[in-house]
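# Observations on the three-dimensional arrangement
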Amino acid sequence: MPIDHNNHNNTYNEEYCSMLEAAYGLNMLSEGGESAIDDMFTGINLNHAIICDIGCGLGGVDIYLASKHRCNITGLDIPNSVIEAAKTRLAESDHVGSINYKQFTPPVLPFENDSLDIVFSKGALVHEENKQPLFDDVFRVLKPNGILLINDWLSPQSQWGTSIQQLSELEDLVLHP
C-alpha cells in the first residue's frame, strides 16, 4: 500500500515538531544535532554547491550548513505546515538568501536535469515506501559526479527494531525500511 503523503500533515503538527525539537535541538527533527551533520558531510566540499535536502523538516540542517559553508540549499518536505515553519525559522536566521523551501510530493523533484551538486536526506527517507522512483529522479537532477547522501537510523530493521516499531505505533508514524 503506498504511503499517504497527506498523513504527514497530521503527524508533523506543531506539537509533535516541538517535542522532536526539544529532544534533538533547535530547528531539528532528527537525532544527532550538529555533530551528526558534520559527520554526514565529512570530506565533502560544500562551498558554492547547489544542494537539495529531501525531508528538510524545520530546516535546522540547512541553516547549520549555510552558517558554515557558502552554498545554496533548497529544502523539500511533504507537509506544507512543516515548510511554513521552516520558512519562519529561516526568516529569523542570517541565511535568507542562500536557502529556500518548497513543498513537494514524491517522487518528482522540482529541479532541471543535471542541476544539483548534492542531494541529501537526514532522517526522512524511511517514511517513503517506494524509494526507487524517488532515487531515479534524484539521479536525474544530480550533475555528473554529483553526490547522494542518506542518513537514517529510524528503521524497524535496526538494532532497536522492536522499540522503533512501538514508537511508530505510538506516534502514528509510517516506516518503510
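Now for a quick tour of the structure. Per chain, residues are indexed from 1 in the order of the written sequence. Under the rules for a predicted model, residues below a pLDDT of 70 receive no local features and side-chain atom pairs below 80 are neither given nor counted, while totals for whole chains, interfaces and linings still include all residues. Only hydrogens and water are set aside; all other atoms, that is, all heavy atoms of the structure, feed into the side-chain values.

### Concerning the pairing of strand β1 (residues 50–54)
- Counting buried residues along β1, 4 of its 5 residues qualify, which places the element largely inside the surrounding structure.
- A strand pair is defined by DSSP finding two or more bridges across the two strands. Working definition: helices are DSSP H or I runs of at least four residues, strands are E runs of at least two. Numbering for both runs from the N terminus. Across 5 bridges, the pairing between β1 and strand β2 (residues 72–77) is parallel. Looking across to β2, one finds that I50 is bridged to N72.
- Crossover handedness is defined here as right-handed if the route from the first strand over the helix to the second strand goes clockwise, with the strands pointing away from the viewer. This β-α-β element, β1 to helix α4 (residues 60–68) to β2, shows right-handed connectivity.
- As defined by bridge partners, β1 adjoins strand β4 (residues 116–122) across 3 bridges and the pair is classed as parallel. Opposite C52, over in β4, you have V119 as the bridge partner. Burial here depends on accessible area, computed with a 1.4 Å probe over protein chains only, as a share of the maximum for the residue type. Under 20% is buried, over 50% is exposed, and the range in between is partly exposed.

### Quick look at the pairing of strand β3 (residues 99–103)
- Two strands pair when backbone bridges link them, and β2 and β3 are joined in this way by 5 bridges, in the parallel orientation. Of the residues in β3, the one forming a bridge with D77 is Q103.
- Running through helix α5 (residues 80–91), the crossover from β2 to the neighbouring parallel element β3 is right-handed.

### Looking at the nonpolar core
- Core analysis: the largest hydrophobic core is formed by 23 residues, its most contacted members being F41, I51, L65, Y101, I118 and F120.
- Where this core is concerned, the elements lending two or more residues are α3 (33–40), α4, α5, β3 and β4.
- Here this core takes 5 residues from α4, the largest share from any one element.
- Only buried residues count toward a nonpolar core, which is a set of Ala, Val, Leu, Ile, Met, Phe, Trp, Tyr and Cys residues joined through side-chain atoms within 4.5 Å. Residues L76, L116, V141 and L142 belong to the second largest nonpolar core, which totals 15 residues.

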